Amino acid sequence: MKILAIESTCDETAAALVEGSRSGVRIIKSVVASSSDLQAKYGGVVPEVAAREQIKSIIPVISEVIDDVDLATVDGVAVSYGPGLIGSLLIGVEVAKTLAWSWSKPLYKVDHMFGHIAANWIINGSSFTPPILPAISLTISGGHTDIHMINNKFDLEWIGGTVDDAIGEAFDKVARILGLSYPGGPAIQLAVDSFGDSDVSKILPRPMINDDSLKMSFSGLKAAVLRLVSSEIKYNKTEIAADFNKAVAEIIKKKLTLALEHREVKSVLVAGGVAANKIIRKTLLTVGDDLGVEIRLPDLKYCGDNAAMIGAAAILKPVKVLPDSLKPESNLSLS
Ligand code: KG4
Ligand code: ZN
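Description of the structure in this document.

Looking at the packing of aromatic side chains
Considering all chains together, one arrives at three aromatic pairs under this definition. Taking 5.9 Å as the distance between ring centres and 70 degrees as the angle between the ring planes, the aromatic pair formed by phenylalanine 114 and phenylalanine 154 counts as edge-to-face. In this pair, phenylalanine 114 sits in helix H4 (residues 112-118) while phenylalanine 154 sits in the loop between strand E7 (145-150) and strand E8 (156-162), placing the two residues 40 residues apart along the sequence. Of the two residues, phenylalanine 114 and phenylalanine 154, both sit in the buried class. Here phenylalanine 171 and phenylalanine 244 contribute two aromatic rings whose centre-to-centre distance is 5.0 Å and whose plane-to-plane angle is 80 degrees, an arrangement assigned as edge-to-face. Pair noted here: phenylalanine 171 is in helix H5 (residues 167-177) and phenylalanine 244 is in helix H8 (residues 237-262), with a separation of 73 residues, a long-range link. As far as burial versus exposure is concerned, phenylalanine 171 and phenylalanine 244 are alike and both buried.

Shown next, in the form of structure tokens:
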């Protein structure tokens, strides 16, 4: 199945042509345009600005992907219809509906968060093998921090997650407190890299780490960073960033271990923008070594928002809709 996929949930405008099956999805072409440099001036995403940038980028991005493609070989159009910013979502959804209708191709709707999980099926080399189900997914993005069980039919059951801020949101807010740029995740990553291999002192709490549930909390951690920054004792900001990153990694390691102790699965599918974080990647891989479970991490360039993952999701679990009936759902929830 060959799919033209479109992604426009937030400040990335993306299109991709992908082909594949449950055994793996090959990227023929993938283009991502981001307005994050523009958003950085405001210290975060301004929905109105994001929507205007979507309008500017959507046609050039899709044109770049399909320029020399024989449309007769394309089997359908896929689009992420939520969750996300309503103004941004509307652009991708309306364009996808128009293309599917005018080309007389089937239209597939994709939950953006399932798209992140599906990034684990993108073929990344000759030794690629598809993840084995049932699996546990750990989605760590700007708006979500969730643990799901995934069965062989790709049905999802929510088993845990944050009770307040999403991890990416915490990275963005902590970066802002520390005077680092937006988006906060890559900025904190850079600061932590400069800290090198020196030992990180434990200066921040690990909220809910010893709570015997799969619930997580990150707003207290953010508040603790704010208290440290305004305290009498002066810490260097890379030291705070490094311990914040370590605290987050320790918390998700603990919760993932707990989830794996209660559920028998073949693999763990890590997904979302925060899955690009080096310390988190390294820490989660140790859970796999300790418990003998395969930990899957998407390639760095498919952790953040892109359309290849949306195409992969439509191939793994096609949900066909009539163009007339599709509406964006800003608060869409996986399960
Ligand atoms: O998945 P994503 O691209 O968009 C959403 O669906 O939310 O995730 C964006 C989030 C942002 O909060 C960003 O700061 C974070 O992912 N992020 C990172 C890194 N790269 C992006 N967080 C930590 N370390 C990174 N290297
Ligand atoms: Zn995303």
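Regarding the coordination of the zinc ion (ligand 2)
In the first shell of the zinc ion (ligand 2), the protein supplies His112 (NE2), His116 (NE2) and Asp305 (OD), at 2.0 to 2.1 Å from the metal. Because the angles between the four donor atoms bound to the zinc ion (ligand 2) fall within 95 to 129 degrees, the donor set is best described as tetrahedral. We note that the donor set of the zinc ion (ligand 2) lies within a single chain, spaced as H-x3-H-x188-D. Within this pair, whereas histidine 112 is found in helix H4, its partner aspartate 305 is found in the loop between strand E11 (294-296) and helix H10 (308-316), the two being separated by 193 residues in sequence. There is no split in this pair, since histidine 112 and aspartate 305 are both buried.

Description of the sheet that holds strand E9 (residues 215-216)
The strand order across the open sheet formed by six strands is E9-E8-E7-E6-E10-E11, and the pairing between neighbours is mixed. Each of the sheet's edge strands pairs with one partner strand only, and the pair in question is E9 and E11. When strand E6 (residues 135-140) meets E7, the two strands line up antiparallel, connected through six bridges. From the neighbouring strand, alanine 135 faces E7, where its bridge partner is isoleucine 150. Those strands touched by helix H9 (residues 278-291) are E6, strand E10 (267-271) and E11, and its axis lies near 155 degrees from that of E11.

Thoughts on the pairing of strand E2 (residues 12-21)
Remark: a regular strand shows side chains that alternate across the two faces of the sheet. Counting buried residues along E2, eight of its 10 residues qualify, which places the element largely inside the surrounding structure. One ladder, built from six bridges, connects strand E1 (residues 2-7) with E2; its direction is antiparallel. For isoleucine 3, the partnering residue across the bridge sits in E2 and is valine 18. Taking the residues that link successive antiparallel strands as the turn, the E1-E2 hairpin has four residues.

Section: unusual backbone geometry
Following glycine 82, the chain continues into proline 83 via a peptide bond in cis, with omega recorded as -5 degrees. Inspection of the secondary structure assignment puts proline 83 in the loop between strand E4 (76-82) and helix H3 (86-103). Cis rather than trans, the peptide bond between leucine 133 and proline 134 has omega equal to 0 degrees. Looking at where proline 134 falls in the secondary structure, it is placed in the loop between H4 and E6. Located in the positive-phi region is serine 104, a residue other than glycine, with phi close to 55 degrees. By the element assignment, serine 104 lies in the loop between H3 and strand E5 (107-111). With a relative accessible area of 66%, serine 104 lands in the exposed category.

Side note on the pairing of E6
In terms of residue burial, E6 counts as a mostly covered element, since six of its six residues are buried. Neither face of E6 is exposed, since Ala135, Ser137 and Thr139 on one face and Ile136, Leu138 and Ile140 on the opposite face are all buried. Of the strand pairs in this sheet, E6 and E10 are connected by five bridges, and their pairing is parallel. The partner of threonine 139 across the bridge, within E10, is alanine 271.

Focus: the site of ligand 1
Around ligand 1, 20 residues are found, and the nearest of them are Gly142, Asp172, Gly185, Gly273 and Asn277. The contact in question runs from an oxygen atom of ligand 1 to an N or O atom on the side chain of histidine 112, over 3.1 Å. Within the backbone of glycine 168, one N or O atom sits 3.1 Å away from an oxygen atom of ligand 1. Within the complex, the protein chains bury 85% of what would otherwise be the 550 Å² of accessible surface of ligand 1. For the shell around ligand 1, the elements supplying multiple residues, two or more each, are H4, H5 and helix H6 (184-195). Here the shell around ligand 1 takes four residues from H6, the largest share from any one element. For the shell around ligand 1, the residue count by class is five nonpolar, 13 polar and two charged. Each of domain 1 (2-124 + 302-325) and domain 2 (135-298) accounts for three or more of the residues forming the shell around ligand 1.

Rules used in this analysis
Residues numbered from 1 in each chain as written. Chains lettered and ligands numbered in written order. Predicted model: local features only at pLDDT ≥ 70, side-chain atom pairs only at ≥ 80, totals over all residues. Heavy atoms only, no water. Phe/Tyr/Trp six-rings, centres within 6.5 Å; stacked < 30°, edge-to-face > 60°. Helix = DSSP H or I, 4+ residues; strand = E, 2+ residues; numbered from the N terminus. Buried < 20%, exposed > 50% of the residue type's maximum accessible area, 1.4 Å probe, protein only. Donors = N, O, S within 2.8 Å, 3.2 Å for Na, K, Ca; no water. Tetrahedral: all angles 85-135°; square planar, octahedral: opposite > 155°, others 65-115°. Pairing = 2+ DSSP bridges. Contact = heavy atoms within 4.5 Å. Axes fitted to C-alpha atoms, helices over the stretch in contact; angles between N-to-C directions. Near = heavy atom within 4 Å. Polar contact = N/O pair within 3.5 Å; in protein donor to acceptor, adjacent residues only side chain to side chain. Areas by Shrake-Rupley, 256 points an atom, 1.4 Å probe, with all protein chains shown as cover. Nonpolar A, V, L, I, M, F, W, Y, C, P; charged D, E, K, R; others polar. Domains from an automatic or database assignment.

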